[in-house]
Amino acid sequence: DAATLDDDERDLFERLRVVRRALADEAGVPAYIVFGDKVLLEMVARRPTTLRALLQVPGVGEAKLERYGEAFLRALLDP
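None of the values given here were measured: they were computed from a predicted structure.

What counts and what doesn't
- Residues numbered from 1 in each chain as written.
- Predicted model: local features only at pLDDT ≥ 70, side-chain atom pairs only at ≥ 80, totals over all residues.
- Heavy atoms only, no water.
- Bend = angle between axes of the 7 residues up to and from the residue.
- Helix = DSSP H or I, 4+ residues; strand = E, 2+ residues; numbered from the N terminus.
- Buried < 20%, exposed > 50% of the residue type's maximum accessible area, 1.4 Å probe, protein only.
- Contact = heavy atoms within 4.5 Å.
- Axes fitted to C-alpha atoms, helices over the stretch in contact; angles between N-to-C directions.
- Parallel < 35°, antiparallel > 145°, perpendicular 65-115°, else oblique.
- Left-handed = near helix turned anticlockwise from the far one by under 90°.
- Nonpolar A, V, L, I, M, F, W, Y, C, P; charged D, E, K, R; others polar.
- Core = buried A, V, L, I, M, F, W, Y, C linked by side-chain atoms within 4.5 Å.

A. Structural context of helix α5 (residues 62–77). Considering bend angle alone, the principal kink of α5 is centred on Tyr-68 and spans about 65 degrees. Those residues of α5 not exposed but buried are Leu-65, Tyr-68, Gly-69, Ala-71, Phe-72, Leu-73, Ala-75 and Leu-76. Of the surrounding secondary structure, the elements contacted by the buried residues of α5 are α1 (7–27), α2 (31–34), α3 (37–46) and α4 (51–55).

This is the structure we're talking about:
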């Protein structure tokens, strides 16, 4: 739940939301089609540092990893 995030986690969650919105706008689809909030929250909790680790996040499959993985990984690794 986003309400239980600390400041650092909330900042990361918001960064991931910005990435999601940009990718969704570019593809002309609603943001939840890229990833739902639940998946973004899992990314925040797990903080994957590789594409392989990102694939272990529930809701991230091969197709979405191929399509969006690099963008989300950059956001996760950006200080």
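B. Inspection of the packing of α1 against α5 at higher detail. Taken N-terminus to C-terminus, the directions of α1 and α5 make an angle of 155 degrees; their axes are 9 Å apart at the nearest point. Here α1 lies roughly antiparallel to α5, going by the angle between them. Here α1 and α5 pass one another in a crossing that is right-handed. Where α1 abuts α5, its residues Leu-12, Arg-15, Leu-16, Val-19, Arg-20 and Leu-23 lie against Tyr-68, Ala-71, Phe-72, Ala-75 and Leu-76. Broken down by class, the residue content of the contact of α1 with α5 amounts to nine nonpolar, no polar and two charged.

C. Expanded view of the nonpolar core. Judged by nonpolar contacts, the single largest core of 24 residues is most densely connected at Leu-16, Phe-35, Met-43, Leu-54, Val-60 and Phe-72. For this core, the elements supplying multiple residues, two or more each, are α1, α2, α3 and α5. Each residue touching Met-43, except ones within four places of it in the same chain, is listed here: Leu-16, Phe-35, Pro-48, Leu-54, Val-57, Val-60, Phe-72 and Leu-76.

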